[in-house]
There are 4 protein chains.
Amino acid sequence: MSKSIKKIGVMTSGGDAPGMNAAIRSVVRTCAFHNIECVGIYRGYEGMIEGDFKPMNARSVKGIINKGGTVLKSARSKTFMTKEGRKTAYQKLTEANIDALVTIGGDGTFTGAMVFNQEYDFPIMGIPGTIDNDIFGTSHTLGYDTALNTVVEAIDKIRDTASSHNRLFFIEVMGRDVGHIALNVGVGAGAEEILIPEEDLGLDRLLESLRRSKASGKSSSIVVVAEGDKIGKNVFELKDYVEEHMTEYEVRVSVLGHMQRGGSPSCFDRVLASRMGVKAVESLLENKTNFMVGLLHDKIALTPLDKAVKGKSEINMELLRVSDIMTT
Amino acid sequence: MSKSIKKIGVMTSGGDAPGMNAAIRSVVRTCAFHNIECVGIYRGYEGMIEGDFKPMNARSVKGIINKGGTVLKSARSKTFMTKEGRKTAYQKLTEANIDALVTIGGDGTFTGAMVFNQEYDFPIMGIPGTIDNDIFGTSHTLGYDTALNTVVEAIDKIRDTASSHNRLFFIEVMGRDVGHIALNVGVGAGAEEILIPEEDLGLDRLLESLRRSKASGKSSSIVVVAEGDKIGKNVFELKDYVEEHMTEYEVRVSVLGHMQRGGSPSCFDRVLASRMGVKAVESLLENKTNFMVGLLHDKIALTPLDKAVKGKSEINMELLRVSDIMTT
Amino acid sequence: MSKSIKKIGVMTSGGDAPGMNAAIRSVVRTCAFHNIECVGIYRGYEGMIEGDFKPMNARSVKGIINKGGTVLKSARSKTFMTKEGRKTAYQKLTEANIDALVTIGGDGTFTGAMVFNQEYDFPIMGIPGTIDNDIFGTSHTLGYDTALNTVVEAIDKIRDTASSHNRLFFIEVMGRDVGHIALNVGVGAGAEEILIPEEDLGLDRLLESLRRSKASGKSSSIVVVAEGDKIGKNVFELKDYVEEHMTEYEVRVSVLGHMQRGGSPSCFDRVLASRMGVKAVESLLENKTNFMVGLLHDKIALTPLDKAVKGKSEINMELLRVSDIMTT
Amino acid sequence: MSKSIKKIGVMTSGGDAPGMNAAIRSVVRTCAFHNIECVGIYRGYEGMIEGDFKPMNARSVKGIINKGGTVLKSARSKTFMTKEGRKTAYQKLTEANIDALVTIGGDGTFTGAMVFNQEYDFPIMGIPGTIDNDIFGTSHTLGYDTALNTVVEAIDKIRDTASSHNRLFFIEVMGRDVGHIALNVGVGAGAEEILIPEEDLGLDRLLESLRRSKASGKSSSIVVVAEGDKIGKNVFELKDYVEEHMTEYEVRVSVLGHMQRGGSPSCFDRVLASRMGVKAVESLLENKTNFMVGLLHDKIALTPLDKAVKGKSEINMELLRVSDIMTT
């Protein structure tokens, strides 16, 4: 028989993403709505082990819905990967009378959560927060939509200078080992070519494509490269290769870097975070555990954490065709 | 037996929306990809009647994917509502050897298209372009996602001044007679109350809600009002009513107005527009007609135009509950 | 002989403006740098009278440099206009051992400060914070540069829809009774006409100008109207007048409203605020009083408060000529 | 005796900068205003040598005031550095009946212009367009203000993730061999340390400063590094050095890159460009030559081109002190 939940802990872990604060706010306020206590756990599993807790009420999360980053901070914890680390964490949670956990993060975060749940039967709900959109069980992770806009705006700026100078730009974007961001911003920014880990274009076809683009009268070109792509060892080597084999272009490289993770969340991410927080808390109150809250076909839905971790988030290969057609 | 399509006309009609240019670009380039001619029709049905046409190729649509508005201009045409008007339009299309039409717009645009199709058996595909998201058969109309971000950013700015002065703001947002924009930006901007046509809150409950919000320690409040809402006759009368019955707040009104229609489209709208343009052209080439291209469950799908026009785009009432919980 | 200053109060008053938080941060940190205590006074003179004070140190102002609004809140105080009000304020300041005051605001704020200084010989420094740029003794008030960008971006969005529909837009912008904002955004947004209080164009010349613009082939027009302009009684009456006398255009009105006051400050405003805060505190420590810190010829300079209040901030009439040339 | 000018050529050269299009527009429209012909010269001196000219009228520059980059394209020309190259250029200008030149660019652009003027007595006016603000004779070059905002917004985003993870970020910003951008964005973004070529902080003082910042309770730090700074050989080596000597921080590097050059110009840059274009054309019409149009003490003023090139644009060292105070 399951016990009644009276105090929920909320934390963020792994890489931060826009919308995490909106999710924290939603968890805290949903607790308040149901007259449940809520405790913020700082710096992910690291803070859990150290007992770095702070009670939170509806006022604590005022004015954060539109802020990037995470007010609870985030960290990657090696200690939590050890049995002792998790034991300490459990003791700290118990001492603080925390009955259940909402953990906001990605793969690594959920893997840790599952192990912890298995060892201590501790009720857990996951909320997918990462700009990479690499989680199974949700069409959108928190921060992904915002990152798409951030990247597209940055590429628009680079396009200004590229087309003023007849240059070829290789732009490396985030996404770990999946191509969601690269593929969407590539289409959205009108990139001439998109290199993603899911499809090995090959260096020869890249050169061919660039030559065709040049021949068709385009004076500048943008190639979006996913950080996980392995066509060249990295984007700088890619530049060297192309410069060696094509003299038609001046080649430049831009690695967009960490600015992709920040910024005020888009309306979509704020709304999604609000919906997910409500569902996470209410699912715990219904004694569900070990699920991730996701968005499937525009509806909030639960996926078992192990499926979320093991499953593969498929990219939309239709977009590669759309990109090909757009750049013909 | 259907004839083979060799020249497609593309036009925008009704209120403009961000993403229309990206859709035009996609239609033009998909035609080029399939070696079909493409013709831009200026100022919607008005320009069709006047024969205001311009051949477009892949280069014609260079650099417009990230521009708001529509390079083909838009208009509302009274002449096209007459039999003669449509007859002239048909003659002009025939003279220009245009075989089929992609029309980008909303309800009114599609209604005109259907009548025209019935009268002249002219192949037509619709693409939903309006910030209001009031079209059945698609979860998102072009421009809607962009408008949500535009509005949320504007409300964030107003929040700065509202919270500096302990004020109550009524903010009127667009959406014609549906509450999609109001509901989503209300949640996304953390509005204390959201007034939409789909739910009559009633003036008494509004006052009660504002009093509760004040009592809970909030020093400022944002109320988002859909332009189609009829709780007060308009947002200024609403202000007067509240000021009469509550002296706790200084009340201000902001009508966001036409800036909501403009701006560079979000990545989502650019990608959606690109996908829709491909589907519209390729569906015509497959001799389909009288459909609207939409997004359903994240996939591009066709809906018969008459269903798109007659059907009702449902708002997500779950969001009203989320909003209630967030503002408790 | 002047006494040594050990504790400075800082406050914001009047309409809020982007950069006020950056100025507060600068005042607080400059106090910390000089080992002086600093106290935040909430809600302007109103909070001063109520003794609504809070000690602030370098950590208190963390993360606010890029936030719009004012963390100290603002208000307009009628009580402070009375002798008793100011007496109470003086008592509260004395009880809290506050030796000197940095007051951030506009005309009204400085007038109050001067009277208070005369009555109680209380050391005061003013920092000009208002988007209207209507203060003598500084080329830029805090928030003005940010507001120019906010407004220009909004007009760019409206231009998208105006040019898609061949419309004429009257856009009312802030500025109280001066035309700084209108004149600069008018030039910056490429407005066809700019109506400011400093120059009475006259309705006839406006019509003539619009007709010339139409005749020259322009299909859409933007007219920027300063809120203080009196050519028509207001922007809606202006619309009615033009529609009555010109049928060439569909006319629309947009009142940009309070969003002009908010938003993250521009780099210029953040840097200016930082410089002004340092100068305000260090001037008090040098026993200067009754000055406003301003920017003159790119340098930080002091102006006596009475001159700042009485003087007239001249607009740059050269810009009207530039606008005329640009729209020929 | 000077001849009357009837046709002016306008070009952009060197690195592109936001505001260049606004300046082109202003030159073209001022010519139209004075009934002078205007010719656009493409790709800087390279296009001049090739005779890549296009007549421009008021309509040609419609809708470009808010666009980044340059519609006339830009390039660096080696051929123009040769006597023959300049001879060909002169012939092409003469053949096209171009009497005078407005050249928009930086140091290199102006140096070329002066040599050309000396050799052929060809009337020339320069407009400073570069984000680096490294030109003597103007307080602001075109694009500088916009770049400051672009960079500050990017650093704000990085701050989100830095403070969520307690990280130290080295952020490399543009500016060639001067520290204007670094210094201003460093203050504007609240950087803990600013490394500019004009002041050699030294690696020891940097470490000391970072340790002090950490000790004062700051959990994250931003160090802004001008690309021209030579404290470390480059920003990656700087990272390595600090990681070797401090274990308190996780260190990350972000090189903002070419996005700093793009984007829609700020209101300030649009207005400045408009003013400069008017002055450039009207000065040529007054038979002035060999000057650069600049902004000095908020007024448009001319500086001889050789002074503009030889003079040194001084950075505001007061800002380094302000930065020190802000980060105490």
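Residues numbered from 1 in each chain as written. Chains lettered and ligands numbered in written order. Predicted model: local features only at pLDDT ≥ 70, side-chain atom pairs only at ≥ 80, totals over all residues. Heavy atoms only, no water.

(A) Geometry of helix α8 (residues 235-245) of chain D. Residues and elements named next belong to chain D. Looking at α8, one finds that the buried residues are Val235, Leu238, Lys239 and Val242. Around the axis of α8, the buried residues are gathered within 100° of arc, so they sit on the same side. On its buried face, α8 is in contact with β6 (167-173), β7 (193-195), α7 (203-215), β8 (221-226) and β9 (250-255). Here α8 starts with a cap whose side-chain oxygen sits 2.7 Å from the backbone nitrogen of Phe236, and that cap is Asn234. (Buried < 20%, exposed > 50% of the residue type's maximum accessible area, 1.4 Å probe, protein only. Helix = DSSP H or I, 4+ residues; strand = E, 2+ residues; numbered from the N terminus. Arc of directions from axis to C-beta. Contact = heavy atoms within 4.5 Å. Polar contact = N/O pair within 3.5 Å; in protein donor to acceptor, adjacent residues only side chain to side chain.)

(B) The arrangement of the relation of the copies chain A and chain B in detail. Once chain A is rotated about the relating axis by 180° and shifted along it by 0.0 Å, it coincides with chain B to within an RMSD of 0.0 Å. Such values leave the two copies arranged in the relation of a two-fold axis. Considering only C-alpha atoms, the part of chain A nearest the rotation axis is A:His297, at 2.1 Å. With an isologous cut-off of 70% or more, the 100% of interface residues of chain A that recur at the interface of chain B puts this contact in the isologous class. (Least-squares fit on C-alpha atoms with pLDDT ≥ 70 in both.)

(C) Spatial organisation of the interface of chain A and chain B. On the side of chain B, 47 residues touch chain A, which itself brings 47 residues to the contact. Interface of chain A and chain B: buried area, both sides summed, is about 3900 Å²; carbon and sulfur atoms make up 54% of it. On the chain A side of the contact with chain B, A:Cys267, A:Ile325 and A:Met326 bury the most area, a combined 16% of that side's loss. Taken together, the links from chain A to chain B amount to six salt bridges. A salt bridge links A:Glu282 to B:Arg321; its shortest N-O distance comes to 2.7 Å. At the junction of chain A with chain B, the criterion picks out 14 residue pairs in polar contact (both at pLDDT 80 or more). (Buried area = accessible area lost by both parts, 1.4 Å probe. Salt bridge = Lys/Arg side-chain N within 4 Å of Asp/Glu carboxyl O.)

(D) Representation of the packing of helix α6 (residues 180-188) of chain B against helix α11 (residues 318-326) of chain B within the structure. Residues and elements named next belong to chain B. One way to put it is that α6 packs onto α11 with a least axis distance of 10 Å and a crossing angle of 30°. By the criterion of interaxial angle, the relationship of α6 to α11 is roughly parallel. Crossing geometry of α6 relative to α11 is assigned as left-handed. Where α6 approaches α11, its residues Leu183, Asn184 and Val187 are matched on the opposing element by Leu319, Leu320, Val322 and Ser323. (Axes fitted to C-alpha atoms, helices over the stretch in contact; angles between N-to-C directions. Parallel < 35°, antiparallel > 145°, perpendicular 65-115°, else oblique. Left-handed = near helix turned anticlockwise from the far one by under 90°.)

(E) Representation of the packing of aromatic side chains in the model. Applying the stated criterion across every chain, the model contains 28 aromatic pairs over all chains. Here the aromatic rings of C:Tyr90 and C:Phe122 are separated by 6.2 Å at their centres, their planes lie at 90°, and the arrangement is edge-to-face. Note that C:Tyr90 is positioned in helix α3 (residues 83-95) and C:Phe122 in the loop between α4 (107-120) and β5 (124-128), a separation of 32 residues in sequence. Put simply, the rings of A:Tyr45, A:Phe80, A:Tyr90, A:Phe116, A:Tyr120 and A:Phe122 touch in pairs and so form one group of aromatic residues. Lying over the aromatic face of B:Tyr249, B:Lys214 brings its terminal NZ or CZ to 4.3 Å of the ring centre. (Phe/Tyr/Trp six-rings, centres within 6.5 Å; stacked < 30°, edge-to-face > 60°. Lys NZ or Arg CZ within 6 Å of the ring centre and 35° of its normal.)

(F) Looking closely at a negative patch on the surface. Residues A:Glu153, B:Glu153, C:Glu153 and D:Glu153 make up a contiguous surface patch of negative charge. Mapped onto the elements of the fold, C:Glu153 is located in helix α5 (residues 144-165). (Patch = residues over 30% accessible without salt bridge, like charges linked within 9 Å, V, L, I, M, F, W, Y side chains within 5 Å. Areas by Shrake-Rupley, 256 points an atom, 1.4 Å probe, with all protein chains shown as cover. Lys, Arg positive; Asp, Glu negative; His and termini not counted. Charge placed at Lys NZ, Arg CZ, Asp CG, Glu CD.)

(G) The arrangement of the pairing of strand β1 (residues 7-12) of chain C in detail. All names here are of chain C. Within β1, six of the six residues are buried, which leaves it mostly tucked inside the rest of the structure. Where burial is concerned, the two faces of β1 agree: the one with Lys7, Gly9 and Met11 and the one with Ile8, Val10 and Thr12 are both buried. Strand direction decides the pairing type here: β1 and strand β2 (residues 37-41), joined by five bridges, are parallel. Bridging from a neighbouring strand, Lys7 pairs with Glu37 of β2. Crossover connection from β1 via helix α1 (residues 20-33) to parallel β2: handedness right-handed. For β1 and strand β4 (residues 100-105), the ladder comprises five bridges, and the chain directions are parallel. Bridge pairing in β4 links Val10 to Val102. (Pairing = 2+ DSSP bridges. Right-handed = clockwise from strand over helix to strand, strands pointing away.)

(H) View of the domain arrangement of chain A. Residues and elements named next belong to chain A. Assigned domains of chain A: these are domain 1 (7-143 + 265-310) and domain 2 (144-261). Using only C-alpha atoms to locate each centre, domain 1 and domain 2 end up separated by 34 Å. Taken together, the 18 residues of domain 1 in the interface contact 13 residues of domain 2. Both sides of the domain 1 and domain 2 interface together cover about 1300 Å² of buried area, and 49% of this is carbon and sulfur. Joining domain 1 to domain 2, the criterion identifies three salt bridges. Here Asp107 ties to Arg176 by a salt bridge, and the two come within 3.9 Å at their closest N and O atoms. Counting across the domain 1 and domain 2 interface gives nine residue pairs in polar contact (both at pLDDT 80 or more). Considering only residue class, the side of domain 1 that touches domain 2 consists of six nonpolar, seven polar and five charged. (Domains from an automatic or database assignment. Nonpolar A, V, L, I, M, F, W, Y, C, P; charged D, E, K, R; others polar.)

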